[in-house]
Amino acid sequence: MDHNNILGTVLAGGKSQRFGEDKSQVKLGDKLLIDYILSEVIEEFKEILVVSNSLIDFRKSEKITVIEDIKKNLGPLGGVLTAMKWVKDNNKDYKWISTFPADTPFFKHSILQKFLQDIQPEESKLFFIKSNNTRHNIFGLWSIDLMDKLEEDLNKGERKVEVWANSIGVKTINIEFQNEDPFFNINTKEDLEKAKDRLKND
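The text that follows walks through the structure, step by step, so that each part is easy to find.

How each quantity is defined
- Residues numbered from 1 in each chain as written.
- Predicted model: local features only at pLDDT ≥ 70, side-chain atom pairs only at ≥ 80, totals over all residues.
- Heavy atoms only, no water.
- Helix = DSSP H or I, 4+ residues; strand = E, 2+ residues; numbered from the N terminus.
- Rg over C-alpha atoms; globule rule 2.2 N^0.38 Å.
- Buried < 20%, exposed > 50% of the residue type's maximum accessible area, 1.4 Å probe, protein only.
- Contact = heavy atoms within 4.5 Å.
- Areas by Shrake-Rupley, 256 points an atom, 1.4 Å probe, with all protein chains shown as cover.
- Lys, Arg positive; Asp, Glu negative; His and termini not counted.
- Charge placed at Lys NZ, Arg CZ, Asp CG, Glu CD.
- 1 Å grid on protein atoms, 1.4 Å probe; cavity = no way out; pocket = protein on both sides within 12 Å on 5 of 7 lines; lining within 4 Å.
- Points joined across faces, edges and corners; volume = space filled by probe spheres on them.
- Nonpolar A, V, L, I, M, F, W, Y, C, P; charged D, E, K, R; others polar.
- Pairing = 2+ DSSP bridges.
- Axes fitted to C-alpha atoms, helices over the stretch in contact; angles between N-to-C directions.
- Salt bridge = Lys/Arg side-chain N within 4 Å of Asp/Glu carboxyl O.

**So, the overall build of the chain**
For step 1, the next point in the chain: A tally of regular secondary structure across the chain gives six helices and nine strands.
For step 2, the next point in the chain: Over its C-alpha atoms the chain spans a radius of gyration of 16 Å, differing by no more than 12% from the 17 Å that the globule rule assigns to 202 residues.
For step 3, the next point in the chain: Scored against the burial criterion, the 202 residues of the chain give a buried share of 50%.
For step 4, the next point in the chain: Considering only residue pairs separated by 6 or more positions, the chain has 68% of its internal contacts joining residues 24 or more positions apart.
For step 5, the next point in the chain: For the chain, the computed accessible surface area is about 10200 Å², with 42% contributed by carbon and sulfur atoms.
For step 6, the next point in the chain: Separation between the mean location of the 30 positive side-chain charges and that of the 34 negative ones in the chain comes to 3 Å.

Printed below as a string of structure tokens:
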């Protein structure tokens, strides 16, 4: 798969309601939470788009562009549509959007590489990572060809990634892990404390 055809996209537009503040901006060790995922994916793509609805700090790079959701309160699907629209509006040549959450500090570049290597693009227009029988709906590869259908369904009220992906037809790429979960995500202050403990033990 030609990685030059893929726009890396970090979805950081959520309200972090369970956390109580913008979790992408909290410190874990010596880094902001969002910088963990950025540091693992930035070398894989020509450009990275961060979709965020607030002013955020992050590891600065000429590769990174920050934009707001085109319409608020549409959830992750709205962030995906925003990225697709950005590609079209800016006359970019990307054919795919590769999405990542902003709250998974233990995800590694090697997992992304395996995910992209195992994809046969002719088999589907949507791919998610699956690990140890859990599907990770935000770690995805989305064809730009899905844009019109996605916009139509969002306008009809669809908000759930899981439901929409199943209706479209999604193919999963299975990646097993033996030790601690690289997909551990931080939703609450308790999760942040767990991540701090794990970081100390790594």
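Right, picking up where we left off after that structure.
**As for empty space enclosed by the protein**
For step 1, the next point in the chain: As enumerated under the stated definition, the model contains one cavity of 30 Å³ or more in all.
For step 2, the next point in the chain: Empty space within the largest cavity amounts to approximately 30 Å³.
For step 3, the next point in the chain: Together, S98, T99, F100, F107, L112, F115, I129, F139 and G140 line the largest cavity.
For step 4, the next point in the chain: Sorting the residues of the lining of the largest cavity by element identifies β6 (96-101), α3 (109-117) and β8 (134-143) as the ones contributing at least two each.
For step 5, the next point in the chain: When residues of the lining of the largest cavity are assigned to their parent elements, the largest contribution, three residues, is made by β6.
For step 6, the next point in the chain: Here the lining of the largest cavity is composed, by residue class, of six nonpolar, three polar and no charged.

**Structural notes on the layout of surface pockets**
For step 1, the next point in the chain: Considering only enclosed or pocket space, the second largest pocket measures out at about 160 Å³ in volume.
For step 2, the next point in the chain: Considering the residues around the second largest pocket, the lining is formed by V87, K88, N91, K92, D93, Y94, K95, W96, K125, S143, I144 and D145.
For step 3, the next point in the chain: Its residues assigned to classes, the lining of the second largest pocket shows four nonpolar, two polar and six charged.

**Topic: the sheet that holds strand β1 (residues 6-11)**
For step 1, the next point in the chain: Here we have seven strands laid out as an open sheet, ordered β5-β4-β1-β6-β8-β7-β9, and mixed in their pairing. Looking at strand neighbours, the two that pair on one side only are β5 (64-67) and β9 (171-174), the edges of this open sheet. Ignoring strand direction, the axes of neighbouring strands in this sheet form an average angle of 30 degrees.
For step 2, the next point in the chain: Bridge analysis of strand β4 (residues 48-51) against β5 gives four bridges, and the strand direction is parallel. If you follow V51 over to β5, its bridge partner there is I67.

**Describing the side chain of H136**
For step 1, the next point in the chain: For H136, the position within the fold is in strand β8.
For step 2, the next point in the chain: Dropping the residues within four chain positions of it, H136 is found in contact with F128, I129, K130, S131 and F183.

**A closer look at the pattern of salt bridges**
For step 1, the next point in the chain: In the structure shown here, the tally under the stated rule is 13 salt bridges.
For step 2, the next point in the chain: For E40, the salt bridge identified is with K108, shortest N-O distance 4.0 Å. Here E40, found in helix α1 (residues 33-41), pairs with K108, found in the loop between β6 and α3; they are 68 residues apart in sequence, far enough to count as distant.
For step 3, the next point in the chain: Residue class for E40 comes out buried when judged on its relative accessible area of 18%.
For step 4, the next point in the chain: On the basis of relative accessibility, which here comes to 42%, the residue K108 falls in the partly exposed class.
For step 5, the next point in the chain: The closest approach of N and O atoms between E180 and R198, which form a salt bridge, is 3.8 Å. Of this pair, E180 sits in the loop between β9 and α6 (189-201) while R198 sits in helix α6, placing them 18 residues apart in sequence.

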